Every structure is written in structure tokens, then in C-alpha cells.
Amino acid sequence: MKITVLGLGNIMFGDEGFGVEAVRRLQAATDYPPEVELIDGGTQGIYLLNIVEAADYLLIFDALIPTDQEVKVYTYRDDELPAIIHRKMSAHQVGLSELLTLAQLHGKVPKETVLIGIPPQNLDMEVGLSPAIEGLLPEALEAGMGIVNGWLQATG
Amino acid sequence: MAKRIVVDPIPRIEGHLRIEAKLNGNNEIADAYSSGTMWRGLEIILQGRDPRDAWAYTQRICGVCTTVHALASVRCVEDAIGAHIPPNANIIRNLMNATQQTQDHLIHFYHLHALDWVDVVSALSADPNEASRIAQSISSYPKSSPGYFKDLLKTLKTFVESGQLGIFSNAYWGHKGYLLPPEVNLIAVAHYLEALDFQKEIIKIHAVFGGKNPHPNYLVGGMASAINPESDRAISIERLAMVKKIIDDTNDFIDQVYIPDLIAIAGFYKGWLHGGGLGNYLSYGDFPETDINDVDSYLWSRGAILNKDLGTVYDDVDPRDPAQITEEVSHSWYTYKDGDEKGLHPWDGETNPKYVGPELPYKHLDTDHKYSWLKTPRWRDNPVEVGPLARVLIAYAKGNDDIVGLVDTVLGKLKAPKAALFSTLGRTAARGIECKQTAGFMRRYYDQLIANIKAGDYDTFSKNRWEPKRWPKDCRGFGFTEAPRGALGHWIHIKDEKIADYQIVVPSTWNASPRDGKGRSGAYEAALKGTPMVDPEQPLEVLRTIHSFDPCLACASHIVDMEGNEITQVKVV
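Owing to the predicted nature of the structure, the values given are computational and were not obtained by experimental measurement.

Asks: Please explain helix α13 (residues 424-454) of chain B as it appears in this structure.
Replies: For the α-helix, the turn length of 3.6 residues means that residues three or four positions removed from each other point alike. Residue and element names in this part refer to chain B. For α13, which comprises 31 residues, the first-to-last C-alpha distance of 45 Å matches the rise-based estimate of 45 Å (1.5 Å per residue) to within 8%. The buried fraction of α13 is high, at 22 of 31 residues. Among the residues of α13, the N-terminal cap falls to S423, whose side-chain oxygen and the backbone nitrogen of L425 are separated by 3.3 Å. One or two steps after α13, the chain reaches G456, where phi turns positive at roughly 90 degrees.

Structural data, given as C-alpha cells:
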């Protein structure tokens, strides 16, 4: 059984680095058993397919454009995740939704997938989160730890 | 009346490529403009930091190109401070680089580029028995039975009928520009899925030598890979055996799947030889056999070709020479303090953004003036193309045995003339040829490493320049690699042990650059000129040619859109 926590985003662009920062903080704050793996996925796109397909339970932290613009922590589960995949100009535009669709075509979708995201407030080229997003981080981490603990208990 | 098409992936952040193409009355592209982003502000992030940490930041610039920026960066700092690395570190870097090239080319062909040639919806009407017959006639790849193709058809149909067109949505299915019969389309779709499944294995090599993947570790002065054949914490016999198996499987996959597919698909498109473009090519060279300063030892040669003249290779390419590499801003949203007319060498580079384009939302860029966030790099004042086609042509012109053999074999099988290389299809073929070559490099470096380990050499790091007090007070360095998509250069200025300035010229800046002060186009713009469009509302031909360069422009953004907005916006106006 493999529980994977994957942080996505680019630490060079302010709040775009939210996912990576969340995983780094979790790494420092938790001491999970070996079946839980915390991964800084950066913006590796298609190169993360192995990680997505190898996971039984997948928790992802990422910046997102929500359907409403309220600055808060958003959580989406399984079917709520966006399934639409786009025609690309660059291999670098492969997003989360495409990874999940490809995993589906290979018949290797995680049993459960949860996305925890925030709407980025600052995307300028600088390292570090904006105060608004920094303020949301504890809540996001709390939510993430709750999900991982739930999976650990459910699978004994 | 002249029409203008716009192909513009809607950006979440400034990280995108936009093409505007003017058509003539025959629906041929009369002129094209390429506009894109640049990583403004990188030098500000790096200024004042420890040069030994630069690789960890530069590897994050670009989503997928992490390894190549890390490699260029450590080479750059080592060049500045005068550090030399042990032979094992050079071998491991070469092995990781060859691994990256091979995986990247494979992913590019199947994942990004194949759908410019392959019609997925047509594949649904294929006869699986006929697909099996064709597959077995071109390759010994074992997954080729009628049953295999029947099962795949069933999966595809279920997928499409359930409305989850997913990866296959938003394309131009049924477009007259697609020329493959249904069975060949089906084979290609089968291998699209197989290739994406297989590529996951290749990169495990990075985890072995870089400690982890994604984001393997690099180190100024060597590599952080401890070798100890007896230990399970270091690079051990067991892990090396795994690496060996991955290398063997990779070579098999390329020989049995990628190359036969490439030749089969190209056979149907050899009449479509558009997209050649500039005819000027540049490569910094890479894969030093001994030391990075021994340019003659590179397995990929440094050099340049002008005007498609394969009879002359310019061997004196020197990226340190201020007269050779310059960046202009005459059509870019920047200013230079001494005027925008004169190009600057990266060591003297400036990044002063000044947007003077139209207000958002706009219909057209002001292509007569400034229209891109990319600067315009030039080699000895020439616009050049970089990437696999440049490298393969330079090697071919220099008579490199491996490349001459591979190129002539592919041309022979296609019954195509040498001139066919100067095209979109030629660029795509060059990438496949190169992928086969780099898979061979993986084997070569593995064997070199094993020989050194057997001889008792476990050394991977040289600490003699690690301490900043041993560095010159004020020094400059140049570091480079030939990334999968072309020449990548890093230029650093170190002062008092800290980064004073850092400039990067990435491959896509060479290829996607806007016009220079003399009005001359870069590689993308030149390649699009003269291309006939079957249907301007569905600019398949534009995507095909731009994708053939493996653009690197939409880097760095990884935001999920919960509304599922389209990325590519196509407008005819």
C-alpha cells in the first residue's frame, strides 16, 4: 500500500510554489511510516506519471484557479477533479488532469485522489509565499494530515 | 484579403508562446510572428547568493528541463572558479545527460508531436488484423498480435464513447492534413500508450545517480553520488545492474518501436517537406569524453552551419566571445541603457523590462515594433536554429560515422534526398536519429563507469575549489549543455564569493526569437513562411512545425484550472 503526497508548482514564482512548500513543511513536521511518501514534484508534468500511477492513495498540493475567487483552501476529491485536457504548444504544459487521464488509460488510477489547492495571489518571479497564502498554509497542512491519517487508519 | 491566424495558448502566468501568421490569397503563410515569455527577474533572485547554490534555483526555471539547467549551472560555476571534476563525475554527468536526452526525445515524439501526424479518431476504424500485419512487417516488437490491436481498439472505443476523449480532445481529427491509413494510426496510438508507460523506467537512472528524482542532486566540483559496490546506501552492484537493464530495455524500445514508427509515418509524409526555415544551425557541443575544456573530445561537436551549406562547418564557435553571441531587444519588451539597437553579450547583459505592447485583451501584437518578451540572440549576427536538427546536420557535415550511417539509412529507407532534411519532417527525423544515438551513449558511459569502479576508482567529487576563499575575487564563467531542444548557455559573474550577475540564454529563445534590428526572422518565424494551410481555422500545419522544435516556452506554470479552459485559442481574423 502506497500513500503519496505530491507537491506541485514552481518555487520561483511566488505562490506558484505553494504545493512544493506544503510538502516541505509536512516533511519537517511529520514522521510517517514508510508507506507514506512525500514528493516535491515541481512542475515536472508528464515526468510525474510514474509517481501518480504507483500511488494507491494520492494527495496533491497545488496552486489552482478556482471557479470562484475567494481566497481560501480548496479541497477536491476524485470525480470533482478537472478531467478536461487540452491541446498543447509545449510538452511542459502537461497538467495534473492530463496525468490522471493517462493513468486511467493505463488502468493505473489511484483508489482515491485528493487535491488541496489555493488561488495564487502573487505570481511574480520571487521565492516565497505571499502573506495571504502563508496564512492559509496551516489550514491546508491540517487538512492534508487529516486525509493521510484517514487513509492510514482505513488501511490499518 | 490577407487573413491572419493567431495560435495562442492562454497563459495562467506569463509563460506562453503565441504565433501570429499572415496568409496570402492561396492560404499560404506569407509571414509569421512568434511571441513568448522570458524569465524576467531570475538574475534578481540569484544576485547575492552563493554560486554553489545556483544550480538548485536555475533547475526550477523550467518545468521539465531541470537536469539541463542544473548541469549548465554547475559547469558555469566550475568554469568561473577554476574547478575540475574527477573522471567519474564527468561520466556520471554524461550518463545522466544521455538518459535525459533519450527520455525527452521519446516523450516528445509520442506525447507532444505524434498527434500532429496521427489521427486518433481515424484509428477507431482500423482493421486490427491488418494493423497487426503491418506492425509485424516493420518491427520485431512483440506486442503486435491481432488480439493486442483488438483489445486496444476496444479500450479506445470505450474511452471515446464514455465522453472522456481526454487527451485526445480539442484536436483536429479528420483534418485533410492527416495522411496515414487507419491501421498505421492505430499502431501509432498503441505505441503512444506504450511509450508513455515505458518512459517511466528510463528516468530511474537519475534517482540512482542523483540521489532522487524529480530534481536530482548536482554538485559544484563533481557529483554527490557515493560509489561503494559493497554498500546498500551508495551506488552498489545491485543498483548498477538495474541501470544496465534499463539501458538495454531502452535501446530495444527505440530500435523496435520509435525508429520503425518514425520511418513508417515519415513514409506517408515525405511529400510534405515544409518548415525548413533558416538553414542556419548552431551547436555548443556536448558529451565531453575527457574534460569540458577539451572541445575536440566532445561526442557532439561544437560548430555552426550557414545557408544549408553542409560543405562548411564553422569550428570556431566561442560563446565567450562578445562578437559571437549577442542578444538584441529591438523587437523585445526591454530596453538597454545604451540604446536598443546594439546587441549585448550575456556577460554584459541587461534585463530592463518595458512593456509597450497593446493593452489586454488585444487582437493583434504590434509586430512592426516590439512584440515579444523573448530577446533576440544571434551568432555572429546570424539568426540560427538550435536543437536536434542542428546537431545532426553538424555531425553529418563533419562526417561523424554514427550519424552519417543513421541518416543515410533513414534517407535510404524513405527513398528521400538529402535536401529532405531541411524540413519539419527532417527535424522530427533528426530527433529520432539522435535518440538512438544517445541510447547508445548510455551504454558507453555505463561501461566506462564500470571499468573505473573495477579499477578501484570510486572518486566522484573534487573538493579543492569548494572553499570560496580559494576562488578569484572577481571572476566570470560560462557553462552550457546541449539540452534536448538545443543550445543552452549560462553566464555568471562572481564577485567577493557571491553571484554578481547571472544570465541564461535558453534554446527556445534562439528558436522562437522575434525579428532582429535588420528585420530578420528567427527559426520559428522562418520555418512557418511558405507553408500551405488546408484549413486556416484548424492550423494543424502551424502546430506541426512549431512542435517539431520541441518548444520550451510554457515552462514553469502548474496551476490547475477548475473550469477546464481551453489552452489553444485559434482565431481567424
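Asks: Could you clarify how one ought to interpret unusual backbone geometry in this entry?
Replies: All names here are of chain B. The step from N213 to P214 runs through a cis peptide bond, and the omega angle for that step is 5 degrees. Examined against the element boundaries, P214 turns out to sit in the loop between α9 (204-210) and α10 (237-269). Phi is positive for H215, which is not a glycine, with a value near 65 degrees. Tracing the chain through its elements places H215 in the loop between α9 and α10. Classification of H215 as buried rests on a relative accessible area of 2%. Phi is positive for D381, close to 75 degrees, though the residue is something other than glycine. Among the secondary structure elements, D381 is positioned in the loop between β11 (376-379) and α11 (388-397).

Asks: Honestly, the pairing of strand β3 (residues 57-65) of chain A in this entry has me stumped. Any pointers?
Replies: Side-chain direction in a regular strand flips from residue to residue, so the side chains alternate between the two faces of the sheet. Residue and element names in this part refer to chain A. The element β3 is largely enclosed, with a buried count of eight among its nine residues. In terms of strand pairing, strand β1 (residues 3-8) meets β3 through five bridges, oriented parallel. Bridged to V5 within β3 is L59. Two strands pair when backbone bridges link them, and β3 and strand β5 (residues 112-118) are joined in this way by seven bridges, in the parallel orientation. Within β5, the residue paired with A63 across the bridge is I118.

Asks: Is there a simple way to think about the side chain of A:S130 in this case?
Replies: All names here are of chain A. Note that S130 resides in the loop between β5 and α4 (131-154). Overall, the relative accessible area of 10% leaves S130 in the buried class. Residues in contact with S130, not counting those within four places in the same chain, are D15, Q121 and N122.

Asks: Looking at this structure, how should I read the sheet that holds strand β13 (residues 486-495) of chain B?
Replies: Backbone-to-backbone hydrogen bonds join strands into a sheet, with any given pair of strands oriented parallel or antiparallel. All names here are of chain B. If you walk across this open sheet you meet the three strands as β12-β13-β14, and the pairing is antiparallel. Lying at the two open borders of the sheet, with one neighbouring strand each, are β12 (474-483) and β14 (498-505). For this sheet, the mean angle separating the axes of adjacent strands, direction not counted, is 15 degrees. Relative to β13, β12 is paired through 10 bridges, and the arrangement is antiparallel. Counterpart to G479 in the pairing with β13 is H490. Strands β12, β13 and β14 of the sheet are contacted by helix α3 (residues 66-81), whose axis makes an angle of about 150 degrees with β12.

Asks: Hey, could you run me through the confidence of the model for chain A in this one?
Replies: Any segment with low pLDDT has predicted coordinates that should not be analysed in fine detail. Residue and element names in this part refer to chain A. Averaged over all residues, the pLDDT of chain A equals 86, while 89% of them reach at least 70. For chain A, helix α3 (residues 96-105) is the element with the lowest average pLDDT, namely 78, and α4 is the one with the highest, namely 97. Note that residues 83-93 has pLDDT below 50 and, in this model, 58 contacts with residues that lie over four places away or in other chains.

Asks: Quick question: what am I supposed to make of the nonpolar core here?
Replies: One recurring pattern in soluble globular proteins: nonpolar side chains tend to sit buried together. If you look at the biggest cluster of nonpolar residues, it comprises 162 residues, and the most contacted ones within it are A:M12, B:L186 and B:F209. When residues in this core are grouped by element, the largest group, 14 residues, is from α10(B). Ignoring anything within four residues of it in the chain, the contact list for B:L186 reads B:A123, B:A126, B:A131, B:F149, B:L152, B:L153 and B:L156. With 27 residues, the next largest nonpolar core counts A:V5, A:Y32, A:L59 and A:I147 among its residues.

Calculation criteria
Residues numbered from 1 in each chain as written. Chains lettered and ligands numbered in written order. Predicted model: local features only at pLDDT ≥ 70, side-chain atom pairs only at ≥ 80, totals over all residues. Heavy atoms only, no water. Helix = DSSP H or I, 4+ residues; strand = E, 2+ residues; numbered from the N terminus. Expected span 1.5 Å × (residues − 1). Buried < 20%, exposed > 50% of the residue type's maximum accessible area, 1.4 Å probe, protein only. Polar contact = N/O pair within 3.5 Å; in protein donor to acceptor, adjacent residues only side chain to side chain. Pairing = 2+ DSSP bridges. Contact = heavy atoms within 4.5 Å. Axes fitted to C-alpha atoms, helices over the stretch in contact; angles between N-to-C directions. pLDDT = per-residue confidence, 0-100. Core = buried A, V, L, I, M, F, W, Y, C linked by side-chain atoms within 4.5 Å.

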